[in-house]
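Descriptive analysis of the structure
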Amino acid sequence: MDLNLNSQFESGNSPLPDFIRNSSSQRSTSSIQSIYSKTSGGHAVREVGFELGSKPSVRHGSRGADSERFSSSYKEINDQDARLVYINDPEKTNGKFEFARNSIRTGKYSILTFLPRNLFEQFHRVAYIYFLAIAILNQLPQLAVFGRGASILPLAIVLFVTAVKDAYEDFRRHRSDKIENNRLAWVFVNDQFQQKKWKDLRVGEIIKVSANESLPSDMVLLSTSDTTGVAYIQTTNLDGESNLKTRYAKQETQMKNPEKEKISGLIKCEKPNRNIYGFQANMEIDGKRVSLGPSNIILRGCELKNTNWALGIAVYAGRETKAMLNNSGAPSKRSRLETKMNQEIIYLSIFLVILCTIVSVCHGVWLRLHKDDLVLMQFYRKKDYSKPKVKDYNYYGWGMEIFFVFLMSVIVFQIMIPISLYISMELVRVGQAYFMIRDDRMLDEASNSRFQCRALNINEDLGQIKYVFSDKTGTLTENKMEFHCASIGGVDYSGGKALAEDEQTGYLARVDGQVFRPKMKVKVDPELLSLSKQKQTDEGRHVHDFFIALAACNTIVPLTVETSDPALKLIDYQGESPDEQALVYAAAAYGFMLIERTSGHIVIDIQGEKQRYNVLGLHEFDSDRKRMSVILGCPDNTFKVFVKGADTTMFSVIDQSLNSNVVKATEDHLHFYSSKGLRTLVVGMRDLSASEFEQWQSSYEKASTALMGRASLLRKVAYNIENSLSILGASAIEDKLQQGVPEAIESLRNAGIKVWVLTGDKQETAISIGHSSKLLTSKMTQIVVNNISKESCKKSLEDALLMCKKLTIASDATGGGSGSRMTEIALTIDGTSLVHILDTELEEQLFEVASKCTVVLCCRVAPLQKAGIVALMKNRANEMTLAIGDGANDVSMIQMADVGIGISGQEGRQAVMASDFAMGQFRFLVPLLLVHGHWNYQRMSYMILYNFYRNSVFVLVLFWYTLFTSFTLTTAITDWSSMLYSVIYTSFPTIVVGILDKDLSRTTLLRYPQLYGTGQRQESYNAKLFWVTILDTLWQSIAAFFVPLIAYWGSDVDGSSIGDLWTIAVVIMVNLHLAMDVFRWYWITHAAIWGSIVATFICVMVIDALPSLPGYWAFFHIAGTELFWACLLGITIAALVPRFVVKILIQYFGPDDIQIAREAEKVENSRESRDAEIEMNPIFHPPRR
């Protein structure tokens, strides 16, 4: 629990003057509460109020874009727009209209809706509608080619498998919902607390939550076990953050006990919405109206920590809670390979129409040529002479017969469109995801978190990435901040030798016989440590005020941790910002230890003396001001405002005339710190007179209790108080690079991937990190665009484009374009410039410059600007993009990119929840892309082409047969074999190979990153390969059909027998085709390929052994002859030998990188040479194929 030292200050020791003490006692804690906002790396998403489903217009480049999000904050909450919650009166609350009960349901289906809804969702795939139409046509007597049951079987199998998968997933969701809904909570009913199931809770009821329990609904705090009304919560289940946060009960309700006195009142709050960081409401109680904000509400899923109990009133329940409203996945994305595959399916559809047209036209010609013979011809007998009265058979005339033949052709050739490909792709992606998740090389041992595959439909896109957009803080760096040095009063305290951890004992505070020590040690500067103890000198006073600012100007909560020594306890500083934690630990190390925080005051142990400061107001960070301020009532009865923030905004509010030399020196020190890659903040303060304080207090209370425009009014109050500051100094925090980041970036660059860094840090900091991470090198030519107007931005971009062209020409002249590296260019651009560039005509110039650069650094960029930059390259470059980040400010760019990756780090799980994939470290990007991405792309590309081949070759065999049967569409191959061909006979081997096959080993792919370029150049799947595959298919179908035809020409073999021969021959042929292309053989690969051939023999025998089916015993007749087996051998040789020869010639005379690397692997594995040199294709500006 936190330290409680209230007793030391309760008896007349308040430092507040009477006129402040009196007014203070009347005002609610709203005047001292913080308007909680989500901070991330010094940037904030401020309090937001928006209605569910609202989508404000977005301008990526405008600084004013954020303001559009607050439009609803300016609307007064009236009865029509508000939810009215009567405290402890659920009947009246739900009387006008029933609010949602607390039961949740994440399952998609019920027993009644499963079948229709699941089928409706599955038939969103146009191919399924196509096959359904084919099956329906086959039910018509005039068009019945196959048996009616056989025609529906393939689609039924695919629908059934998908339905079973969906049903199992939904069953797990329902099971989880049942457990959640039946949990118990203490609810105030009939003047006492009784246990009720969560699903039975209603809005308006008072709920009691004990320590370490989860909250069953969104509830406004009424009171807590802490006398000051503070409750500590953990939001891990909501956003993944483990740091404790503070929430406050209003003083008007804190002392009320519902078991001893009746509590009644009215809460008027905004309607349910998704904003988990905003809440706007007011409460009428005991004749007063008090405002409620984000710090007064605790959301469902949060856990109560370090607080014995808390009472609250349920305001949102069930599906209307903010957690449930945010319970939606990342936006659906479709892989680029699947998009291209759809184009090829259109080509196959056109090819199918051509085949059907040929058959129907030839059939019409044949009918014309034999029109005189149709009267008595057995198949077409037009007249029935069996009875005295001559009747017509079902002959529909020349035109209708052609039309019917066309439709029948579509039915016979339907598997030209591979229905099994869709289910095969889903199964392969699941298998690939399993092996990615189980890869121990992507296991983050520090957090014990494995790779997460949150989107199964874009695995293969990982092998085609051209641009990587990365956040810096927490993604490239650890986001574990460590205080490094400071500039105080114009003096730089970074040059001295810091005491090592084993040389320092650390600052200790003694309270009531207990010794307290900060949990984390900080290296201290001996000179600064000495000055921190000397308040008499000017330097000492500067240092004193500086560290007071660090200890007080934050929202950190000190918690005590027990140790093995009963007399020693550790103080653990919990907060939402790692920067704030580092600064408070630094202040503690220098003897300014924050030991208590309540809703109204803080206690700081200053060199052994406990000092109480009344927190009279707190203005949080927001993205406009980019600073934070706190107004303190000091022990000496004075009032001071302490401000810290980014240098860009702090120097504009510092009175430069007071200490111009100090300001100038601090600016120089800031530049020096930034050049070393340190994160900097400027600290300032000023004393407030009694009149200034009264004026501020009046404005602050009006803004805090305003029912309209509260966020805007609070911002104006902050602007008014944050001015004419005297500078105290600047802090520098080190955020170390993650392990393996420089090596990872170098591998990605060698793979031809362009890495961009998008950060909110200063330009100097970003450049420094760029050098230390090997993103920037000394050989690069750097271009900087850092302007404050549109005209200057335009001029800078024109100059940059001219320089890029000159460097390109110079590089070409010196041979840089012929295999050797070109002159590398790095572009650095800041957020202010992007304001004038994005969403304007200058975008095109920025794109031209950026596309010629190897590296791009974007500094001081806002979240929407990050998304705008990703959109710029994604839409204009037509290349695959990947965005990776760890914080809430990275969500927009993660969702904008083709592939979004979230880092599960220090800043919560918002990025993870919005991502397609998630992992623990940036360096895992290398095995993910270069290994798994390459494998996934190569496997999926081959599987798609192979599915086109195996189905087309079967259709063409049927087509050739049609040409020899008067175009009547009678088929030698049985109905069941035709239907089972793509579903059972040949599907399993492709799935196994699609999951397990590896063209190259992991070692080779990591050793030669250039091999990744095959995916970027689309070498495994392109239009050329598609048409080559079709030509190969054409030849193999000719061999498969005509070898038996010639062998059995003139014999008395029946159609069913030779149909069985064709079926088995094609299955053997396509499986041997697959076997020729397998790179890595496993036992399951052997079982799948050879097992499919055996399974085909068995199925054909079973089908021919059934008397009820046509072709009874046909297989057993033909298989007993030697000619049958000779034909199988002859088909295999004639079909596959030409392909084998061409493949060998290509590999010998024109090998690609993959083939060269595979040969090198063989050489290395045979131990003939372990140092084989491999010459790779150039990766810069590769030709698109």
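The shown structure was predicted, so the numbers you read here are calculated from the model rather than taken from an experiment.

Re the overall build of the chain
- A tally of regular secondary structure across the chain gives 37 helices and 39 strands.
- The 1185 residues of the chain split such that 57% are buried.
- For the chain, restricting intrachain contacts to residue pairs at least 6 apart in sequence, the fraction spanning at least 24 positions comes to 75%.

Describing a nonpolar patch on the surface
- Among the surface-exposed residues, Leu1129, Ile1133, Val1137, Phe1140, Val1141, Ile1144, Leu1145, Tyr1148 and Phe1149 lie close enough to one another that they form a single nonpolar patch of about 940 Å² accessible area.
- Along the polypeptide, Val1141 turns up in helix H36 (residues 1122–1149).
- Using a relative accessible area of 41% as the deciding quantity, one classes Val1141 as partly exposed.

What about the confidence of the model for the chain?
- Chain-level pLDDT for the chain is 82 on average; 85% of the residues reach the 70-or-more range.
- Confidence over residues 1–59 falls short of pLDDT 50; this stretch has 169 contacts with residues more than four positions distant or in other chains.
- Confidence drops under a pLDDT of 50 for residues 1172–1185, and excluding neighbours within four residues, the segment shows 34 contacts in the predicted structure.

A look at the nonpolar core
- In terms of nonpolar packing, the biggest core is built from 99 residues, with Met341, Phe413, Ile944, Phe948, Tyr981 and Phe1124 touching the most fellow members.
- The biggest single contributor to this core is helix H27 (residues 925–963), with 17 residues.
- Core analysis: the second largest hydrophobic core is formed by 56 residues, Ala486, Val511, Val522 and Ile604 among them.

A look at the sheet that holds strand S11 (residues 281–285)
- Read from one edge to the other, the open sheet built from four strands follows the order S3-S10-S11-S12, with strand pairing classed as antiparallel. In the strand order of this sheet, the two ends are held by strand S3 (82–86) and strand S12 (288–292), each with one partner. Recorded for the sheet is a direction-independent mean angle of 20 degrees between the axes of neighbouring strands.
- Sheet topology note: the strand S10 (residues 266–270)/S11 ladder contains four bridges and is antiparallel. The residue bridging Lys268 from the neighbouring strand is Asn282, located in S11.

Quick word on the environment of Ser210
- With respect to the element layout, Ser210 can be found in strand S6 (residues 206–210).
- Since its relative accessible area comes to 24%, Ser210 is described here as partly exposed.
- In this structure, the C-alpha to C-alpha distance between Ser210 and Trp309, residues 99 residues apart in sequence, is 4.2 Å.
- Apart from residues lying up to four places away in sequence, Ser210 is in contact with Leu304, Asn308 and Trp309.

A word on the packing of aromatic side chains
- In total, this model carries 42 aromatic pairs according to the counting rule given.
- Between Tyr961 and Trp1062, the ring centres sit 5.5 Å apart and the planes meet at 70 degrees, which makes this aromatic pair edge-to-face. Of the two residues, Tyr961 is situated in helix H27 and Trp1062 in helix H33 (residues 1055–1077); the sequence distance between them amounts to 101 residues. Here Tyr961 and Trp1062 have matching classes, each one buried.
- An aromatic cluster is present here, built from Phe413, Phe959, Trp960, Tyr961, Phe964, Phe1041, Phe1042 and Trp1062 joined pairwise through their rings.
- A cation over an aromatic ring shows up here: Arg83 above the ring of Phe99, its NZ or CZ 3.8 Å from the ring centre.
- Its guanidinium or amino end placed over the ring of Trp309, Lys208 lies 5.7 Å from that ring's centre, counting from NZ or CZ.

Re unusual backbone geometry
- Here Lys626, not a glycine, exhibits a phi torsion of approximately 55 degrees, which is positive.
- On the secondary structure map, Lys626 appears in the loop between strand S28 (609–619) and strand S29 (627–633).
- At Lys774, a position not held by glycine, the phi torsion is positive, near 65 degrees.
- Following the sequence through the fold, Lys774 ends up in the loop between helix H20 (763–772) and strand S34 (781–785).

Description of the sheet that holds strand S33 (residues 754–758)
- Taken together, nine strands build an open sheet; the order of strands is S18-S39-S38-S37-S19-S33-S36-S35-S34 and the sheet is mixed. Of all strands in the sheet, those bounded by a partner on one side alone are strand S18 (452–453) and S34.
- In this structure, strand S38 (residues 899–903) lies alongside strand S39 (residues 917–919), joined through three bridges in parallel fashion. Bridging from a neighbouring strand, Ile903 pairs with Met919 of S39.
- Packed onto the sheet, helix H24 (residues 863–877) meets strand S19 (465–470), S33, strand S36 (855–859) and strand S37 (880–885) and runs at close to 170 degrees relative to S19.

Description of the pairing of strand S32 (residues 726–734)
- The buried fraction of S32 amounts to seven of the nine residues, a majority that puts the element mostly inside the structure.
- Where strand S20 (residues 482–488) and S32 come together, six bridges link them in antiparallel fashion. When the sheet's bridge partners are listed, Glu482 is paired in S32 with Glu734.
- Here strand S31 (residues 679–688) pairs with S32 via seven bridges, running antiparallel. Looking at S32, one finds that Leu681 is bridged to Ser731.

Overview of the side chain of Asn1071
- Relative to the helices and strands, Asn1071 is located in helix H33.
- Judged by relative accessible area, Asn1071 falls into the buried class, the value being 0%.
- For Asn1071, the side chain forms a polar contact with the main-chain oxygen of Val1067, separated by 2.8 Å.
- Not counting chain neighbours up to four residues away, the residues in contact with Asn1071 comprise Tyr946, Tyr985, Thr986, Pro989, Ile1089, Ser1092 and Ile1093.

Concerning the packing of H27 against helix H29 (residues 987–996)
- Across the interface, H27 lies against H29 with an axial gap of 9 Å and an inter-helix angle of 165 degrees. One element, H27, and the other, H29, form an angle in the roughly antiparallel class. Along this stretch, H27 crosses H29, giving a crossing that reads as right-handed. Listed contacts from H29 to Arg939, Met943, Tyr946, Asn947 and Arg950 of H27 are Ser987, Thr990, Val993, Gly994, Ile995 and Leu996.
- For the contact of H27 with H29, a count of residues per class yields five nonpolar, four polar and two charged.

Some words on the UniProt feature "binding site: Mg(2+)" (unreviewed entry) in the chain
- UniProt's entry tags Asp471, Thr473, Asp886 and Asp890 with the feature "binding site: Mg(2+)" (unreviewed entry), counted in the numbering of this structure. These annotated residues cover 420 residues of sequence, but their C-alpha atoms sit close together, with the largest distance between any two at 10.6 Å.
- Residue placement: Thr473 occurs in the loop between S19 and S20.
- Among the polar contacts listed, one links the side chain of Asp890 to the backbone nitrogen of Asp886, at a separation of 3.0 Å.

Focus on the pairing of strand S8 (residues 230–234)
- Counting buried residues along S8, five of its five residues qualify, which places the element largely inside the surrounding structure.
- The two faces of S8 match: Val230, Tyr232 and Gln234 on one face and Ala231 and Ile233 on the other face are all buried.
- As judged from the five bridges shared by S8 and strand S9 (residues 244–248), these two strands associate in the antiparallel manner. Looking across to S9, one finds that Ile233 is bridged to Lys245.
- Sheet analysis places S8 next to strand S14 (residues 303–305), joined by three bridges and oriented antiparallel. Counted as the bridge partner of Gln234 is Glu303 from S14.

A short note on the packing of H27 against helix H32 (residues 1023–1047)
- For the pair H27 and H32, interaxial distance at closest approach is 8 Å and the crossing angle is 40 degrees. One element, H27, and the other, H32, form an angle in the oblique class. In the packing of H27 onto H32, the handedness of the crossing is right-handed. Counting all contacts with H27, which are made through Leu945, Phe948, Tyr949, Ser952, Val953, Leu956, Val957, Trp960 and Tyr961, the residues of H32 involved are Leu1025, Phe1026, Thr1029, Ile1030, Thr1033, Leu1034, Gln1036, Ser1037, Ile1038, Ala1040, Phe1041 and Phe1042.

A few points about the environment of Val1070
- Assignment of secondary structure puts Val1070 in helix H33.
- Val1070 sits in the buried class, given a relative accessible area of 0%.
- Residues Val1070 and Ile1093 lie 23 residues apart in sequence; the distance between their C-alpha atoms is 9.8 Å.
- Not counting residues within four places of it along the chain, the set of residues in contact with Val1070 comprises Tyr946, Tyr949, Arg950, Val953, Tyr981 and Thr986.

Cut-off values and rules
- Residues numbered from 1 in each chain as written.
- Predicted model: local features only at pLDDT ≥ 70, side-chain atom pairs only at ≥ 80, totals over all residues.
- Heavy atoms only, no water.
- Helix = DSSP H or I, 4+ residues; strand = E, 2+ residues; numbered from the N terminus.
- Buried < 20%, exposed > 50% of the residue type's maximum accessible area, 1.4 Å probe, protein only.
- Contact = heavy atoms within 4.5 Å.
- Patch = residues over 30% accessible without salt bridge, like charges linked within 9 Å, V, L, I, M, F, W, Y side chains within 5 Å.
- Areas by Shrake-Rupley, 256 points an atom, 1.4 Å probe, with all protein chains shown as cover.
- Salt bridge = Lys/Arg side-chain N within 4 Å of Asp/Glu carboxyl O.
- pLDDT = per-residue confidence, 0-100.
- Core = buried A, V, L, I, M, F, W, Y, C linked by side-chain atoms within 4.5 Å.
- Pairing = 2+ DSSP bridges.
- Axes fitted to C-alpha atoms, helices over the stretch in contact; angles between N-to-C directions.
- Phe/Tyr/Trp six-rings, centres within 6.5 Å; stacked < 30°, edge-to-face > 60°.
- Lys NZ or Arg CZ within 6 Å of the ring centre and 35° of its normal.
- Polar contact = N/O pair within 3.5 Å; in protein donor to acceptor, adjacent residues only side chain to side chain.
- Parallel < 35°, antiparallel > 145°, perpendicular 65-115°, else oblique.
- Left-handed = near helix turned anticlockwise from the far one by under 90°.
- Nonpolar A, V, L, I, M, F, W, Y, C, P; charged D, E, K, R; others polar.
- UniProt positions renumbered as here; feature names shortened; annotations may be inferred.

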